[in-house]
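A structural walkthrough
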Amino acid sequence: MSAYPFWRPSRRRSTWTPRKRFALLSVFRRLIRREPDERGAALVVVIGLGLLLLTLIATAMTFSVSGSLKASSDQNWNGAMAAAYAGVADYESRLANDNTYYRFGNPAASFSAGSTVTAPSAATENPAFGLGTDGAWDTVTGSDGTASFRYEVDNAAYASSGVLRIRSTGRVGAVARSIVANIRQDGFIDYLYFTVYEMQDPAQSGITTSGCADTYAWAGRPMPSGGTSVCGDIAFGSSDVVNGPAHSNDTMRICGATFNGTITTGDPGAPGANYLKKASDGSDCSGQVFNGGQPTTSPVIAMPATNMQLKQETRTDAGIDAPGCLYTGPTSIVLNSSGTMTIRSPWTKKTRIVGDPATSGSTPAACGLPGTANGQLGSTAGATVPVLNANLLFVQSVPGVVTDPNYMSSTDWPSGQSAATCSVGNGIGFPVTHETAPSARSYDCRKGDAFVMGTLDGTMTIATDNFLYVTGDIIYSDASTDVLGLVAQNAIWVWNPYCDSTHGEVCPGVGLGEGGAILPDNRRIDAAMLSLDHTIQVQNYDRGGNQGVLTINGSLAQKYRGSVRMTNSGGANGYSKNYTYDPRFRYIAPPKFLSPVSARYSVNLLVEVSSAFTARGATIP
């Protein structure tokens, strides 16, 4: 708990100094010494002066006491607000120690109506959850018992936006004051750009040098003299503009790029020496522009090892009020501006599950019905269902455990597919006609890959246990209300199919022996993206020619840095960057979006409201 100082009001001194009192007594003595015939009149004067003296003394005392009471009242008024702040700090502290503490509160509190709070156990009882005149208050540390607080919790929007609301009431003496605070866990979406390592994904570069994959540059990653990277370090170039906050746990290479937000790095070097003025090839460079200030050092932020906790959100036996939907094998998701989505997922049998590991499941209509009939998940056109508003869907690989309700043996196939079809594609249209697949791993027919595009009307998160491909523009229907999260255990690919005629393929619009990009130029993605094990990267970034601009409105976080563009003697390939931070992510998050391993919470909105309780604890309607 936070300690707030409290002071006793100072006493006002009387304006009747000893000199004034002595002068008044001298007047009395002179009057008393008058001649006897004047004593009658003198007595009247003395009595009058006595009454005047008493009046003056009474007035002075009244003024002094009233001033003291006013000072005390002001002190209590300010102290009650400080105690309310102490309540918010206490709740933040409890969240930091236990990131599941959002579950607790007093369900009888009016502020908690619509929430799913429960009282903590006796071992972890919290007096700040008290209600009524007989209910408890928690004492502010350092106040000698003169200040206390209690608070109420509203977690109704936590699953959908990551925001908790708390109404904290502080009291001192006969004064009680209340504030309402919005508390959100700090996370990857606090940054437009986030990386663990500022180097190319070893799975893409093929670099296997010892010490490359899991070592920061500032902690000894191999680097010959002159700054040349042997691990595939990538620099920010002159065409890069980052319009938002950026963080890397690693040492960043910055050449001529413009950063219009704050930059933090895990590099412990002094300011100005905690980044490298080096290009990717190790050559010196200049022209760095830091409109948000020079990079500053900040603690490293650890990613979760897995996103399997998101899969648990599709269980019907885990106490989840509104479970999400589970799909199996390659799954195509087209977001429709009407607030629906069209899903094609031939391998899916059960869209909600029971148990961990799963032992049974169900097929609610909200997720689309498995099968190959018109309007079902396995049909050519797929199933169209409403967007899972304030929820998520998870795409898993085909399970290899016989007891799993979505199990299918290695010799079994969905209707219309076979070993032959799986040898050339994933069964839902990838690779497309004329496309040369980048590798044999690109379109596996049994992996948990999602292929996403369209216009979102709603709030939703899409997660996979393998790859996630952005196959076209993803645009919000209403940029003020719609929110999308994309979370892949492995890489997130900006799908960029390429036709390579050097291997006998006939590519439209180009001659024999040539190749080219299949999609039109320019792409836009409105989303918060997170790749846990690998990278966020443009597919075929190094060929196909200049394809315009990749616009990202949101945030991207990745373990390894992904490539978007390459320039060589033949010209530019891939996309120029236009990355802009979605400022709403300072206050909200996509539904059930992952957060860093070490939970940190911050208050992003705080206002004073009418007091919820009297100083005696009675609820004020």
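Our subject is the structure that appears above.
A brief report on the enclosed structure follows. (Residues numbered from 1 in each chain as written. Predicted model: local features only at pLDDT ≥ 70, side-chain atom pairs only at ≥ 80, totals over all residues. Heavy atoms only, no water.)

**Structural notes on the overall build of the chain**
Threshold: Think of it this way: any DSSP run of H or I at least four residues long counts as a helix, any run of E at least two long counts as a strand, and we number them from the N terminus. Throughout, a contact is declared for two residues whenever any of their heavy atoms are within 4.5 Å. Areas reported here follow the Shrake-Rupley algorithm with a probe of radius 1.4 Å; residue values treat only the protein chains shown as occluding.
Across its full length, the chain holds six helices and 33 strands. Pairs at least 24 residues apart make up 67% of the contacts formed inside the chain by residues separated by at least 6 positions. Working note: accessible area of the chain is about 27,400 Å², and carbon and sulfur atoms make up 55% of it.

**Structural notes on the sheet that holds strand E1 (residues 138-139)**
We count it as follows: Between any two strands, pairing holds if DSSP finds at least two bridges.
The strand order across the open sheet built from five strands is E1-E2-E3-E4-E33, with neighbouring strands paired in antiparallel fashion. Each edge of the open sheet carries a strand with a single partner, namely E1 and strand E33 (601-609). Here strand E4 (residues 175-185) pairs with E33 via eight bridges, running antiparallel. Along E33, the bridge assignment pairs Ile-183 with Val-603.

**Structural notes on the environment of Val-494**
Note the cut-off: Per-residue accessibility, obtained with a 1.4 Å probe over protein chains only, is compared with the maximum for each type, and a residue is labelled buried under 20%, exposed over 50%, and partly exposed between these values.
Assignment of secondary structure puts Val-494 in strand E25 (residues 492-494). Its relative accessible area of 2% is what places Val-494 among the buried residues. When the C-alpha atoms of Val-494 and Tyr-469 are compared, they prove to be 6.0 Å apart, with 25 residues separating the residues in sequence. Look past the residues within four positions of Val-494 in its chain and what remains in contact with it is Val-470, Arg-523, Ile-525, Gln-537, Val-538, Gln-539 and Leu-550.

**Quick look at the state of the cysteines**
Where two cysteines share a covalent bond between their sulfur atoms, that bond is called a disulfide. How we decide: Pairs of cysteine sulfur atoms within 2.5 Å are identified as disulfides in what follows.
The final tally for this structure, using the stated rule, is four disulfides. Here Cys-422 connects covalently by a disulfide to Cys-445, the sulfurs 2.0 Å from one another. One quick way to see it: the torsion about the S-S bond of Cys-422 and Cys-445 is about 115°, and its sign makes the bridge right-handed. Taken as a pair, Cys-422 in helix H6 (residues 419-422) and Cys-445 in the loop between H6 and strand E21 (450-456) lie far apart in primary sequence, 23 residues in all.

**Re the side chain of Gln-288**
Put simply, the test is: Polar contact criterion, stated in full: a pair of N or O atoms within 3.5 Å, where within protein one must be able to donate a hydrogen and the other to accept it, and residues adjacent in sequence count only if both atoms are side-chain atoms.
Residue placement: Gln-288 occurs in the loop between strand E11 (263-265) and strand E12 (289-290). Given a relative accessible area of 18%, Gln-288 falls into the buried group. At a separation of 2.8 Å, a polar atom in the side chain of Gln-288 contacts the main-chain carbonyl oxygen of Ile-254. If we skip the residues at most four places from it in the chain, Gln-288 touches Ile-254, Cys-255, Gly-256, Ala-257, Tyr-275 and Lys-277.

**Observations regarding the pattern of salt bridges**
The cut-off we apply is this: Should a side-chain nitrogen of Lys or Arg be within 4 Å of a carboxyl oxygen of Asp or Glu, the pair is scored as a salt bridge.
For the structure on display, the rule yields 17 salt bridges. Between Asp-190 and Arg-184 there is a salt bridge, and its shortest N-O distance comes to 2.4 Å. When sorted by exposure, Asp-190 lands in the same class as Arg-184, which is buried. Among the salt bridges present, the one from Asp-214 reaches Lys-559, with a minimum N-O distance of 3.8 Å. Placement of the pair is Asp-214 in the loop between helix H4 (202-205) and strand E6 (235-236) and Lys-559 in strand E30 (residues 546-561), with a sequence separation of 345 residues. Residues participating in the shared-partner salt-bridge network are Arg-221, Asp-233, Asp-250 and Arg-253.

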